[in-house]
Every structure is written in structure tokens, then in C-alpha cells.
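The primary structure of each chain is shown beneath.
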Amino acid sequence: MNKLENKLEKIKASGQKALIPFLTAGDPDLSVTEKLMVTLAENGADVIELGIPYSDPLADGPVLQLAAGRALKAGTTTDGVLDLVKRFQNYNDTPVVLLVYFNQIYRRGIERFCREAAQAGVSALVVPDLPFEEAAELDSAAQAAGLINIRFLAPTTTDERLEKICKSARGFIYCVTVTGVTGKRTAMDPAVETLLQRAAKFTAVPLALGFGISDPGQAKIAAQSGDCVIVGSALVQKIAEANGEAKYDVAGSFIRSLKSAIEEGESHGGHQNRNCSACG
């Protein structure tokens, strides 16, 4: 087990659910990002997902596209992001997961990228534009470096493909709650509950719900069904709208509200709680 697996295993054993907030690294600059990471960790984040900004983030909606643009304009580079993670991990043990598009990995060299990410303290990679069927080379390099290549599932995933993905997964499985890109939604797709039930037949790896979870109410509902809750666009938007030191106050307050809602959702609700011995 690496740091991510250890953390999620402890959370699962305690019957709790994990909160995984997302930040775009370098928005508005890397020094602010580092302080924001500390703020998230101090206010309830169990894992931090950090995005390396990319010029063509095809899985991201308008909020994260703008964030990536601001970060790139500020001069954010892959080297800078890895240095940031290394600094953060020197004094904070919160696991860090990198969201990175495959071209960024390929351009650097797959083995080199995985090796340097692991050396920086990264626990896992989330690569939204790399299909499961084409991930063998990255899987091999990641495993050799001690990293996890996170799997994705969506309500549209076929049964045959879902079984293969689940049986090869480690860390957590990123369950996409909507058909489309990231961003705020008014409701979660009812098909997500069915997706989780389908996945639970083939894996005990934590199921993380992401894409579209934007407020405490939705986080509570997600926690009643999944094992982890991922919140990105709503947090990034709130930070972008705040000025100066207020960014940290806003981020901390929002994370606390999400954590509180998730703790409420940890009690029995939705489908059978996979982490609860009383549920069988």
C-alpha cells in the first residue's frame, strides 16, 4: 500500500467517508496554491487532488478551463508543480493525487514522469483522457515507481468493461456522476446509484463520486452512496472570486461545510453502506 491506500483504508475501517477537494496548481500562483493546500488539509480534506494546468483540458468545464488558463499565464510548469508537492509533503502527510492529461506525461516520458512524481511524494495519477484499454504502459511505469493509476467509471460504462476496470483498480475508482464535463450541477444522475451497485459486485476499492458535486447538500447525498466525495469546480470558483487572504478563509469555510455534510451522510442512507458492519 502507498500513502493514499493507507489513508483510505483507515477511513474505510472507521466507517467514515473521505473528502477529496481539487485545486488547479498555480491558480493564481504556486505560493497561493501551497497555502491553500495547507488550508484544505487543516479543515477536513483527507486527500488533495491537484491539477497540472493544461492548454486543452477536455474533461473540464468552464470554471476549471479558466483556472488552467490563469495558471498557465502565471508561468506554471510541471516542474513547478512537482516541486510544490515535494515541499508540501515534507511537512504535511495528506496524500496528493495529480490530475494530469496524458500528453503532459507522454511529452516528459512516461517512466520519467512517474519516477519524478513519486519522488516528489505524489501517491496517484488521475488521467482523464487515457482510456482503460490504452493504459497498460502507464500502469506498468506507475506501478514500478510506486504510484497508482486511478480508474474511471461512468453510468455509461458497459458491464464487461466495468468488471475489468474494477478488478484492476487500486486506491479509489473515480465514478463520474454526470455525462459531460466538470462543473456545477443541480442534481446527481439517478444512474449513479446503479453504477455504484454494479461496481460493488467486483471490487472493495473505495468508490469516489466526482464531476458536478458543488454544495454540502450534494456532498451529503454522495456520502450516503459512495466512499469518497470529490469537489472541484465549486471550490475553485469560490477561491477565484475571493481576494487576498480571504481566499484561505473562503476555502477553509467551504471545506468545513462539506466535511460536516459528509459526516451527516455517513449514517445509513441510500444503498447499503459498504463500510458499515451493521449493514452486512
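Residues numbered from 1 in each chain as written. Predicted model: local features only at pLDDT ≥ 70, side-chain atom pairs only at ≥ 80, totals over all residues. Heavy atoms only, no water.

Peer 1: Where do I start with the sheet that holds strand 4 (residues 124-126) in this structure?
Peer 2: Consider a sheet: its strands pair through backbone hydrogen bonds, and that pairing is either parallel or antiparallel. The sheet built from 9 strands is open, its strands ordered 5-4-3-2-1-9-8-7-6 with parallel pairing. Two strands bound the open sheet, and with one partner strand each, they are strand 5 (148-149) and strand 6 (151-153). By the bridge criterion, 2 bridges tie strand 4 to strand 5 in an arrangement that is parallel. Looking across to strand 5, one finds that Leu125 is bridged to Asn149. Set on the sheet, helix 11 (residues 233-241) makes contact with strand 1 (18-24) and strand 9 (228-231); between it and strand 1 the angle comes to about 50°. (Pairing = 2+ DSSP bridges. Helix = DSSP H or I, 4+ residues; strand = E, 2+ residues; numbered from the N terminus. Contact = heavy atoms within 4.5 Å. Axes fitted to C-alpha atoms, helices over the stretch in contact; angles between N-to-C directions.)

Peer 1: Hey, could you run me through the packing of aromatic side chains in this one?
Peer 2: Two numbers describe a pair of aromatic rings. These are the distance of the centres and the angle of the planes. Counted under the stated rule, the structure contains 5 aromatic pairs. Pairing Phe102 with Tyr106 gives two aromatic rings, centres 6.1 Å apart and planes at 40°, and the pair type is tilted. One end of the pair is Phe102 and the other is Tyr106, both in helix 5 (residues 102-108) and 4 residues apart, which spans about a single turn. Its relative accessible area of 57% is what places Tyr106 among the exposed residues. Taken together, Phe152, Tyr174 and Phe211 form an aromatic cluster joined through their ring pairs. One Lys or Arg, Lys238, reaches over the ring of Phe254 and ends 5.0 Å from the middle of that ring. (Phe/Tyr/Trp six-rings, centres within 6.5 Å; stacked < 30°, edge-to-face > 60°. Buried < 20%, exposed > 50% of the residue type's maximum accessible area, 1.4 Å probe, protein only. Lys NZ or Arg CZ within 6 Å of the ring centre and 35° of its normal.)

Peer 1: Please clarify how empty space enclosed by the protein should be interpreted in this entry.
Peer 2: Gaps left between atoms are located by rolling a probe of water-molecule size over the structure's atoms. Within this structure, the stated rule accounts for 5 cavities of 30 Å³ or more. Looking at the second largest cavity, its volume works out to about 80 Å³. Along its surface, the second largest cavity is lined by Phe22, Thr24, Gly51, Ile52, Pro53, Tyr54, Pro57, Asp60, Leu64, Ala68, Leu99 and Tyr101. Those elements giving two or more residues to the lining of the second largest cavity turn out to be strand 1 and helix 3 (62-73). Here the residues of the lining of the second largest cavity sort into 9 nonpolar, 2 polar and 1 charged. (1 Å grid on protein atoms, 1.4 Å probe; cavity = no way out; pocket = protein on both sides within 12 Å on 5 of 7 lines; lining within 4 Å. Points joined across faces, edges and corners; volume = space filled by probe spheres on them. Nonpolar A, V, L, I, M, F, W, Y, C, P; charged D, E, K, R; others polar.)

Peer 1: Would you take a moment to explain the packing of helix 11 against helix 12 (residues 246-265) for this structure?
Peer 2: Each pair of packed helices can be summarised by the angle the axes make with each other and by the distance between the axes. In contact at an axis separation of 8 Å, helix 11 and helix 12 are set at 150° when each is read in the N-to-C sense. In terms of their interaxial angle, helix 11 and helix 12 are classed as roughly antiparallel. The hand of the helix 11/helix 12 crossing is right-handed. Listed contacts from helix 12 to Ala234, Leu235, Lys238, Ile239 and Ala240 of helix 11 are Lys247, Val250, Ala251, Phe254 and Ile255. Taken together, the residues of the contact of helix 11 with helix 12 sort by class into 8 nonpolar, no polar and 2 charged. (Parallel < 35°, antiparallel > 145°, perpendicular 65-115°, else oblique. Left-handed = near helix turned anticlockwise from the far one by under 90°.)

Peer 1: Can you walk me through unusual backbone geometry in this structure?
Peer 2: Negative phi characterises most residues that are not glycine, and trans characterises most peptide bonds. Omega for the bond connecting Asp27 with Pro28 falls within 30 degrees of zero, at 5°, which places this linkage in the cis form. With respect to the helices and strands, Pro28 occurs in the loop between strand 1 and helix 2 (30-42).

Peer 1: Can you walk me through the packing of helix 2 against helix 12 in this structure?
Peer 2: At their nearest, the axes of helix 2 and helix 12 sit 9 Å apart, and the two run at 30° to each other. When the axis of helix 2 is compared with that of helix 12, the two are roughly parallel. Two packed elements cross with a definite hand, and for helix 2 against helix 12 that hand is right-handed. Residues Val32, Lys35, Leu36, Thr39 and Leu40 of helix 2 pack against Lys247, Tyr248, Ala251, Gly252 and Ile255 of helix 12. Grouping the amino acids of the contact of helix 2 with helix 12 by side-chain chemistry returns 6 nonpolar, 2 polar and 2 charged.

Peer 1: I keep staring at the nonpolar core and nothing clicks. Help me out?
Peer 2: Soluble, globular proteins show a tendency: their nonpolar side chains are buried together. Counting residues in hydrophobic clusters, the biggest one holds 65 residues, and the most contacted among them are Leu50, Leu98 and Leu125. Beyond its immediate stretch of four places on either side in the chain, Leu98 contacts Leu50, Ile52, Val81, Leu82, Val85, Phe113, Val122, Ala124, Leu125 and Val126. With 27 residues, the next largest nonpolar core counts Leu8, Phe22, Val126 and Ile230 among its residues. (Core = buried A, V, L, I, M, F, W, Y, C linked by side-chain atoms within 4.5 Å.)

Peer 1: It is not clear to me how the side chain of Arg198 should be interpreted in this structure. Could you clarify?
Peer 2: Position of Arg198 relative to the elements: it lies in helix 9 (residues 191-200). Reaching out from Arg198, the side chain makes a polar contact with the backbone oxygen of Thr157 at a distance of 2.5 Å. There is a polar contact of 2.9 Å between the side chain of Arg198 and the side chain of Asp159. Once residues lying within four places of it in the same chain are set aside, the contact partners of Arg198 are Pro155, Thr157, Thr158, Asp159 and Leu162. (Polar contact = N/O pair within 3.5 Å; in protein donor to acceptor, adjacent residues only side chain to side chain.)

Peer 1: Explanation requested: the pattern of salt bridges in the structure shown.
Peer 2: Any two side chains of opposite charge can pair if their charged atoms end up close together. Applying the stated criterion across every chain yields a total of 13 salt bridges. Of the charged contacts, one joins Asp27 and Arg70 as a salt bridge, the two residues approaching to 2.8 Å between their closest N and O atoms. Pair noted here: Asp27 is in the loop between strand 1 and helix 2 and Arg70 is in helix 3, with a separation of 43 residues, a long-range link. You can call Arg70 partly exposed: its relative accessible area is 33%. Across the pair Asp139 and Arg151 runs a salt bridge, and its minimum N-O distance is 2.8 Å. Linking Asp139 in helix 7 (residues 136-145) with Arg151 in strand 6, this pair joins segments that are 12 residues apart in sequence. (Salt bridge = Lys/Arg side-chain N within 4 Å of Asp/Glu carboxyl O.)

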